[in-house]
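# Examination of the molecular architecture
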Amino acid sequence: MPRVSEKTKESAGEPWVFLGLLPLFDPPRHDSAETIRRALDLGVNVKMITGDQLAIGIENGRRLGMGTNMYPSSSLLGQCKDASIATIPIDELIEKADGFAGVFPEHKYEIVKRLQDRKHICGMTGDGVNDAPALKKADIGIAVADATDAARSASDIVLTEPGLSVIVSAVLTSRAIFQRMKNYTIYAVSITIRIVLGFLLIALIWQFDFSPFMVLIIAILNDGTIMTISKDRVKPSPVPDSWKLIRILKFLIRMGLTGSAWDNMLQNKTAFTTKKDYGKDEREAQWATAQRTMHGLQSHEAPKHGHHHDHSEMAEQAKRRAENARLRELHTLKGHVESVVKLKGLDVETMQQHYTV
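Here is a short report on the structure shown in this document. Each chain has its residues counted from 1, following the order in which its sequence is written. Owing to the predicted nature of the model, reporting of local features is limited to residues with pLDDT of at least 70; listing and counting of side-chain atom pairs is limited to 80 or more, with chain, interface and lining totals taken over all residues. As a convention, hydrogens and water are excluded, and side-chain values are obtained from all of the structure's heavy atoms.

### Structural notes on the overall build of the protein
Counting from the N terminus, the helices are DSSP H or I runs at least four residues long and the strands are E runs at least two residues long. Assigned secondary structure in the protein consists of 15 helices and 6 strands. Buried residues are those whose accessible area, probed at 1.4 Å on protein chains only, stays under 20% of the maximum for their type, while exposed residues exceed 50% and partly exposed ones sit between those limits. Looking at the protein residue by residue over its 357 residues, the buried ones come to 26%. Of the contacts formed within the protein by residues at least 6 apart in sequence, a portion of 50% connects residues at least 24 apart. For the protein, the exposed area adds up to about 25,200 Å²; of that, 59% sits on carbon and sulfur atoms. Residue contacts follow a heavy-atom distance rule, with two residues in contact if any of their heavy atoms lie within 4.5 Å. Only the protein chains shown count as covering a residue, and every accessible area follows the Shrake-Rupley method with a 1.4 Å probe.

Right under this line is the structure:
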């Protein structure tokens, strides 16, 4: 500072004298590093655009763990003296940079505009009048706590508490909502395909007459299941998601054409058979064979008989063995005796004189 010996403001004063340095320290918030780390883990690219000097921006980027690949504002105008930077196109430089230092309001606006031209969804945070143009241009403008009125009016979201951690929570909530919307779309279209095709086939093949009450019940039950999707416990996507319509269309068609009803119709040819009662006798024989296999009375490799008489006899034997199993569970002498009598077809009245219970 200079010395003024004459003690008047008109005095020229003496040469400056160095007295010392007054350092200023403006550290980041305690939760900023964790917030940026969570945002990066969710696939959100974070960039620092500051009016401070380049060295200060690089140091803050190092402290916050967001990278130190930062450039001065002159690189945005093609006036950078560094040859390695001057050869990089501005759009590519903005995409790959971790931040820019020494910028003015027009630089912030230009960065947001070029990112949007590269098909990026761009969000912007700010608190001052110089941030208002970029906040207005961004897809999502966020005014932080204690922001000026100009920044608040230009923003889409206004934070009421200090810090940026609430932005990560908003990202997770929005992705959960998107998953529910996708689940609703898949369910609504697939169930529509299933109901329309199912009713069409039933009406054309079986000539079934649907009553209005039946249609009303189906509509109510369908709406009830759709209402539960709003409370569905979905897992937010770990990366930014979008409407992949071709993939969703293939998935919902596959969902609409699958299920036990369609399998029974297409694989077992239930609806397209010319057999009596749509092959009811054959299905009963298959059930009897499955029962014998389950009780170890017939292996899977046993030959299949095509005569209706053999199938009826197999079904009768299966029912007789089931009845014998029930009698054996009585665990009494009378139960054992009756089981043997019924299995061998003996006369109970003739044998009553030979045993006593």
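Alright, that's what it looks like, and here's the rest.
### Some words on a nonpolar patch on the surface
Like charges within 9 Å and nonpolar side chains (Val, Leu, Ile, Met, Phe, Trp, Tyr) within 5 Å are joined into patches, using only residues over 30% in relative accessible area that form no salt bridge. Definition used for salt bridges: Asp or Glu carboxyl oxygen within 4 Å of a side-chain nitrogen of Lys or Arg. On the surface, Phe213, Leu216, Ile217, Ile220 and Leu221 cluster together into a nonpolar patch covering about 510 Å² of accessible area. Tracing the backbone through its elements, the reader meets Leu216 in helix 9 (residues 212-227).

### With respect to unusual backbone geometry
The phi dihedral of Lys119 is positive, around 70 degrees, even though this residue is not glycine. Along the chain, the position of Lys119 falls in the loop between helix 5 (105-117) and strand 4 (123-126). A relative accessible area of 76% places Lys119 in the exposed class. The phi dihedral of Asp146 is positive, around 65 degrees, even though this residue is not glycine. For Asp146, a relative accessible area of 71% corresponds to the exposed category.

### Observations concerning helix 5
Compared with the 18 Å implied by 1.5 Å per residue over 13 residues, the 19 Å span of helix 5 between its first and last C-alpha is a close match. Immediately beyond the C-terminal end of helix 5, within one or two residues, lies Lys119, with a positive phi of roughly 70 degrees. How far a helix is expected to stretch is found by multiplying one less than its residue total by 1.5 Å.

### Quick look at the nonpolar core
By convention a nonpolar core is built from buried Ala, Val, Leu, Ile, Met, Phe, Trp, Tyr and Cys residues, the set being connected through side-chain atoms within 4.5 Å. Formed by 21 residues in total, the largest nonpolar core has its most connected members in Tyr71, Ile94, Phe100, Ile111, Val112 and Met124. Residue assignment for this core shows that the elements contributing at least two residues are helix 4 (90-96), helix 5, helix 6 (132-137) and helix 7 (149-154). Beyond its immediate sequence surroundings of up to four residues, Met124 is in contact with Lys108, Val112, Asp131, Ala134, Leu135, Ala138, Ile140, Gly141 and Ile142. Membership of the second largest hydrophobic core comes to 9 residues, among which are Val46, Met66, Met70 and Val168.

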